[in-house]
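Single-letter residue listing:
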Amino acid sequence: MELTGDEEITVTKVKLKRSINFASTTSILLTNIGGSAIFISPSAILHYSGSPIVALILWLISGILNAGLAFCFVEIGLLFPKAGGPYFYILEVFGSLYGFIFLWGFVSLIFASSWAISSYSAAIYLVTAVSPSCPYPDLAVKILAGWIIVTLVVLNCTYMKLVTKIQGILSMAKILALLLIIVTGLLQLSNSEKNNLVTLINIEDRSIDVGSLALGLFAGFFNYGGWQVITILMEEVQNPSKTLPKSVFLSFSIMICLYVLANFSYVLLLTPAQMFSSDAVAILAMQQVHPVLGVVVSILVAFCSISVLNVLIMGQPRLLFAASRVGHMPELFQMISRKFLTPWPAIIFCSIPAFLVLMYGNIIIFIDTISLFACLMVSAVLVALLYLRYKKPNIKRPFRVPIILPILMLFIDILLLSMSIYKKPQELGTCLFILSLSLPVYLVTVVWKNKPKKFQDLMARITLFLKTLFILEKSAE
């Protein structure tokens, strides 16, 4: 057919779909604020505080501080409502090199280990629920964890709308588990022989120094972490200027209340020694009342861990997607499925190191290093927010926090980071060493523009082949 010039040609832009509404945003936050740490090992704050009552106060303060920090992220996120979250903010304010360093740290320290931890936790709690008293081989748990990752990757590559609905259902498992723990604990208040209320105000003989309290606050600070993933998904949130502030306020209000009450129940049902000795505090607490309750909580915690993993798979690959737009990652990662409008290449790429860490790595040793990197990232974002307030005071801001809030958050973050470095300098050295490796990679992959023509042609052919094979298209910004 020959065009006469009168016909209109409609070009459909292929881009990420805004499929995350207020309910989905809230369920994502409820799931990822603290993840499943509240069920597994919440005893770190108690260890540093020296008293259950002081620990409960630290849980309350940590939650409020995290809520304030989240609102700071909402302000800068609405100024840059693109996929990528903190990476994109640092890139826009401080430039390409600093953005790449953060990207490198995120990929090296967080991606693989966070997926592996969540999938392994889900698998081990599912196995425990089915066979609470029988031993099970570690390989079987890892295979089950791998199957969970594959299932969620497939879902996130295909039906994003279905994934957000599933997320809403899964997030209820966390709320139900917390409510079960709280109600069970409170019911023991009337039975003085079966509760440990008398230990609530006991303080250990050792003196509580400021450093220990700072480390307790540091632990609590990151027991509420994980909410940052919603900023990475910013480009897919419906009406973000209204959705995000309301969702952050509602989610933190709920989780702070539930976390403080859940820890109060732990104190009633368990002695400090029992809490220190267990990596499954929630199950141990429920077993003190009835064995069936332990099985029920195992199932709910498993679903909670699956929910956390689902949010990570939804959010973290978008960081590679955003990095590809500015040349920090191969062009392939900017491609999305023409049919499903999801970033297949980025999601699949992230799953590969996750499998390797799951099968062969020791994910526990990276936890302190991950926390330090997260603290450095938070400081960078807060500095970026204050810099924009100073350099661009009149720019239109859909959401604005009082200036004292980011200043206070930055002061507290630097204080916590300093105390943690003083107590654990080796972890900081590991973190800085890993970040320093980004410099030669940046020079070769980003700064060096005139790469050999044969190499460029090879990369172009590979990209074209994969684009054609998986029916991908470059995303419109």
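All of these numbers come straight from a predicted model, not from anything done at the bench.

A.B. asks: Can you help me understand the packing of aromatic side chains in this one?
C.D. replies: Scanning the model with the defined rule gives 13 aromatic pairs in all. On the basis of an interplanar angle of 65 degrees and a centroid distance of 6.3 Å, the ring pair of Phe94 and Tyr98 is categorised as edge-to-face. Classification of Phe94 as partly exposed rests on a relative accessible area of 32%. Ring centres of Phe106 and Phe111 lie 5.2 Å apart, and the angle between their planes is 80 degrees; on these two criteria the pair is classed as edge-to-face.

A.B. asks: Would you mind showing me how to read the packing of helix 7 (residues 138-158) against helix 16 (residues 344-360) here?
C.D. replies: A pair of packed helices can be characterised by two numbers: the angle between their axes and the separation between those axes. Packing of helix 7 against helix 16 leaves a shortest axis separation of 10 Å and a crossing angle of 175 degrees. When the axes of helix 7 and helix 16 are compared, the pair comes out roughly antiparallel. Counted together, Lys142, Ile143, Ala145, Gly146, Ile149, Val150, Val153, Asn156, Cys157 and Thr158 of helix 7 and Trp344, Ile347, Ile348, Ser351, Phe355, Leu358 and Met359 of helix 16 form the full contact between these two elements. Per-class residue counts for the contact of helix 7 with helix 16 are twelve nonpolar, four polar and one charged.

A.B. asks: Hey, could you run me through the layout of surface pockets in this one?
C.D. replies: Gaps left between atoms are located by rolling a probe of water-molecule size over the structure's atoms. The space that makes up the second largest pocket amounts to roughly 760 Å³. Surrounding the second largest pocket, 23 residues form its lining, Gly327, Met329, Pro330, Thr445 and Lys451 being those nearest its centre. Elements represented by at least two residues in the lining of the second largest pocket include exactly helix 6 (96-130), helix 20 (438-447) and helix 21 (453-469). Grouping the constituent residues of the lining of the second largest pocket by class yields 13 nonpolar, seven polar and three charged.

A.B. asks: Honestly, empty space enclosed by the protein in this entry has me stumped. Any pointers?
C.D. replies: Per the counting criterion, the structure on display carries three cavities of 30 Å³ or more. Taken as a whole, the largest cavity holds about 60 Å³ of empty space. Every residue along the wall of the largest cavity is listed here: Pro42, Leu46, Pro52, Ala55, Leu56, Trp59, Asn263, Val267 and Met275. Elements represented by at least two residues in the lining of the largest cavity include exactly helix 4 (52-79) and helix 11 (240-269).

Definitions and limits used
- Residues numbered from 1 in each chain as written.
- Predicted model: local features only at pLDDT ≥ 70, side-chain atom pairs only at ≥ 80, totals over all residues.
- Heavy atoms only, no water.
- Phe/Tyr/Trp six-rings, centres within 6.5 Å; stacked < 30°, edge-to-face > 60°.
- Buried < 20%, exposed > 50% of the residue type's maximum accessible area, 1.4 Å probe, protein only.
- Axes fitted to C-alpha atoms, helices over the stretch in contact; angles between N-to-C directions.
- Helix = DSSP H or I, 4+ residues; strand = E, 2+ residues; numbered from the N terminus.
- Parallel < 35°, antiparallel > 145°, perpendicular 65-115°, else oblique.
- Contact = heavy atoms within 4.5 Å.
- Nonpolar A, V, L, I, M, F, W, Y, C, P; charged D, E, K, R; others polar.
- 1 Å grid on protein atoms, 1.4 Å probe; cavity = no way out; pocket = protein on both sides within 12 Å on 5 of 7 lines; lining within 4 Å.
- Points joined across faces, edges and corners; volume = space filled by probe spheres on them.

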